[in-house]
Amino acid sequence: MSLNDLTQGAIAQMVQTADPSSSVQNPVCQILSIKKIQASAASASSMGDRYRIILSDGVKYAQAMLASQKRSMVESGELEKHCLVRISQYASNSVQGRRILILLDLSVVHPPTADRIGSPTNVDDSIKPEGGVKQEGGAGGALGNSNVGNNSAGRTTPATSAAGMPIYPIEGLSPYQNRWTIKARVTSKSDIRHWSNQRGEGKLFSVNLLDDSGEIKATGFNDAVDRFYSMLQENHVYLISKARVNIAKKQFSNLQNEYEITFENSTEIEECTDATDVPEVKYEFVRINELESVEPNQTCDVIGVLDSYGELSEIVSKASQRPVQKRELTLVDQGQRSVRLTLWGKNAENFPNHAGVDEKPVIAFKGVKVGDFGGRSLSMFSSSTMLINPDITESHVLRGWFDNDGAHAQFQPFTNGGGAGGAMGGGAANMAERRTIAQVKDQNLGMTEKPDYFNVRATVVYIKQENLYYTACPSDGCNKKVTPDHEGNWRCEKCDRSYEQPEYRYILSTNVADATGQIWLSGFNDDATKLMGMSAGELHKLREESESEFTAVLHRAANRMYTFNCRAKMDSFNDQARVRYTISRAAPVDFAKAGAELVDAINAYM
Ligand SMILES: [Zn+2]
């Protein structure tokens, strides 16, 4: 093997040419390395592992990604380090300012050689950053079948008709090339959302799109809603072209893609009847009786028979102050348990219009949120999908089971500490959602008749010294305040007797703060003991010995961070109504876990 077996100069051209049809055709290159990259958790189930390849033409080498439909070439051992490949289809993509080749189709033309051929150097070093469709004039000379000579302006001249445009993998899209068509399946579609602010008002909707290479979100505003909303249907496949590729706003998306699509006036969308090469939505179903092993706030896929569904109701979301429509479904499966699932918005409203909903249909859900309200419950996200009586094996199994046995079975609902359904006003809500202190106040938690529950991560700033603890009845389970009687003993009115010694119990009042504000919380004996690091009895004894030791304990208890589970409830005190926040549980912050949560939160802005 020698340099002449490789298409020298091909890499520089491939990397810099936005339209592969005008670049070098079927170049032969050598593979210098193959490296597996861990699929992100979100895409692992649908995409699997990916492979990064260093590709050399003997002169230059470049980073490339193997399209996921070709990963079996690596897994079967066909594609190896130092083998020679002919690349018949590829795309050149800019990722964070670097050019990366996506290898869409290739074949091995020679088994691995002893070593690398030539002394290739990094192609990145010879490329001017961005605006990157300019070609290196010199490189083309060595290439027999290149089209470089046709591009007098040094630019590629891509096909202009929509039909003639190359189909790009979703992963190949970037803001630096605007001539593309993708062929993708709609995996989810949002409701139409309306907004109004000082700058005006409008409407929008979005869809998530899937192909072999990955997923991307696409959004249409105003006119695009009228043109495309009813046309784009979940699970159908479309050819989409002439839309803008933007940097993704990840705080509004559950996808990992760096980019997203915005439909424009020029955008063309056409439904595609040949859909066999576009992957179907893949499910990883969790059985209803296994939901307890899924952490709250995670998403999962669930399939079950619809046992019943509730009436449409409307609530005003405390978080957004807007009315929201909701409807609850009850799902069952072979595990003999039932679970409630909340639909929102248009999904909730239109639910009874679906065919077959009254005949105990099987419904498959993708990406629903798990809540711990009532033990376990489920809730749709805007990105969640729902298919009624899908033509998949699991669905047929459930149908057979239900029609034979299931219809006569008794199902056990999830319940623990749930109380009445919907008391949280939010279906698959968590018993206590995490809030900031400002949110607790802005959302008027605890200002209505029903108590509200929340979590807050905050630092103890101050603990009130007076009335930190009281003298309590020592008899089992009483806890009433006792007062000294005329014989120097401690009298409990409730138990109607006196004791030599009282028990001391905390009624702690502590000021806690986070980055958004400060708030007073009250804590009772168990949690206060944890906060103070000693029982009220021990603290009382310490105080009798030394006031300064006592205040030192109070100082030591401050400047510590906890996750507080709280209840907010209206309280009347001297005829004045006020909200009282009571600690039901305080746990020291698990910094590793909290750090991982912050990483997720920060990534949504990057
Ligand atoms: Zn008592």
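Reading guide: rules and limits
Residues numbered from 1 in each chain as written. Predicted model: local features only at pLDDT ≥ 70, side-chain atom pairs only at ≥ 80, totals over all residues. Heavy atoms only, no water. UniProt positions renumbered as here; feature names shortened; annotations may be inferred. Helix = DSSP H or I, 4+ residues; strand = E, 2+ residues; numbered from the N terminus. Buried < 20%, exposed > 50% of the residue type's maximum accessible area, 1.4 Å probe, protein only. Contact = heavy atoms within 4.5 Å. Areas by Shrake-Rupley, 256 points an atom, 1.4 Å probe, with all protein chains shown as cover. Patch = residues over 30% accessible without salt bridge, like charges linked within 9 Å, V, L, I, M, F, W, Y side chains within 5 Å. Salt bridge = Lys/Arg side-chain N within 4 Å of Asp/Glu carboxyl O. 1 Å grid on protein atoms, 1.4 Å probe; cavity = no way out; pocket = protein on both sides within 12 Å on 5 of 7 lines; lining within 4 Å. Points joined across faces, edges and corners; volume = space filled by probe spheres on them. Nonpolar A, V, L, I, M, F, W, Y, C, P; charged D, E, K, R; others polar. Pairing = 2+ DSSP bridges. Donors = N, O, S within 2.8 Å, 3.2 Å for Na, K, Ca; no water. Tetrahedral: all angles 85-135°; square planar, octahedral: opposite > 155°, others 65-115°.

Within an unreviewed UniProt entry, the label attached to the protein reads Replication protein A subunit, and the organism entered is Pseudozyma antarctica. Note on the protein: under the UniProt heading Function (unreviewed entry), the record states "As part of the replication protein A (RPA/RP-A), a single-stranded DNA-binding heterotrimeric complex, may play an essential role in DNA replication, recombination and repair. Binds and stabilizes single-stranded DNA intermediates, preventing complementary DNA reannealing and recruiting different proteins involved in DNA metabolism." UniProt annotates the protein under Sequence similarities (unreviewed entry) with the comment "Belongs to the replication factor A protein 1 family."

Visitor: Describe the overall build of the protein, with residues and values.
Guide: The number of helices and strands found in the protein is 11 helices and 34 strands. By the burial criterion, 46% of the 606 residues in the protein qualify as buried. Contacts in the protein between residues at least 24 apart in sequence constitute 64% of all its contacts with a sequence separation of at least 6. Approximately 30,500 Å² of the protein is accessible, and the part contributed by carbon and sulfur atoms is 48%.

Visitor: Can you lay out a nonpolar patch on the surface for me, pointing to particular residues and giving the numbers?
Guide: A cluster of nonpolar residues, Leu-598, Ile-602, Tyr-605 and Met-606, forms a patch on the protein surface that exposes about 490 Å² of accessible area. Along the chain, Met-606 turns up in the segment after helix H11 (591-603). Its relative accessible area of 58% is what places Met-606 among the exposed residues.

Visitor: Can you tell me about empty space enclosed by the protein, naming the residues and giving the values?
Guide: Evaluation of the coordinates by the stated rule reveals 2 cavities of 30 Å³ or more. Each pocket or cavity is described by its volume, and for the largest cavity that value is around 50 Å³. Contributions of two or more residues to the lining of the largest cavity are made by strand S8 (181-189) and strand S22 (385-388). The biggest single contributor to the lining of the largest cavity is S22, with 3 residues. Here the residues of the lining of the largest cavity sort into 5 nonpolar, 3 polar and 1 charged.

Visitor: Break down the sheet that holds strand S29 (residues 497-499) for me, citing the residues and quoting the values.
Guide: Spatial strand order, S27-S28-S29: 3 strands in an open sheet with antiparallel pairing. What marks the edges here is a single partner per strand, and that holds for strand S27 (483-484) and S29.

Visitor: Can you lay out the coordination of the zinc ion for me, pointing to particular residues and giving the numbers?
Guide: In this structure, Cys-473 (SG), Cys-478 (SG), Cys-492 (SG) and Cys-495 (SG) serve as the protein donors to the zinc ion, at separations of 2.2 to 2.3 Å. Every donor counted, the 4 donor atoms about the zinc ion form angles of 106 to 114° at the centre, which fits tetrahedral coordination. Counting along the primary sequence, the residues that act as donors to the zinc ion give the motif C-x4-C-x13-C-x2-C. Classification of Cys-473 as buried rests on a relative accessible area of 1%.

Visitor: If you had to explain unusual backbone geometry to someone new, which residues and values would you point to?
Guide: Peptide bonds are trans in most cases, and residues, glycine excluded, mostly fall at negative phi. One non-glycine residue, His-82, lies in the positive phi region at around 75°. Along the chain, His-82 turns up in the loop between helix H3 (72-75) and strand S4 (84-95). Residue His-82 is classed as buried on the basis of its relative accessible area, which comes to 12%.

Visitor: Describe the pairing of strand S31 (residues 508-514), naming the residues involved and giving the relevant values.
Guide: Looking at chain direction, strand S25 (residues 452-463) and S31 are connected through 4 bridges and run antiparallel. Considered in S31, the bridge of Val-460 is made with Val-512. Relative to strand S32 (residues 517-523), S31 is paired through 7 bridges, and the arrangement is antiparallel. Directly across from Leu-508, in S32, lies its bridge partner Gly-523. As consecutive antiparallel partners, S31 and S32 are separated by 2 residues.

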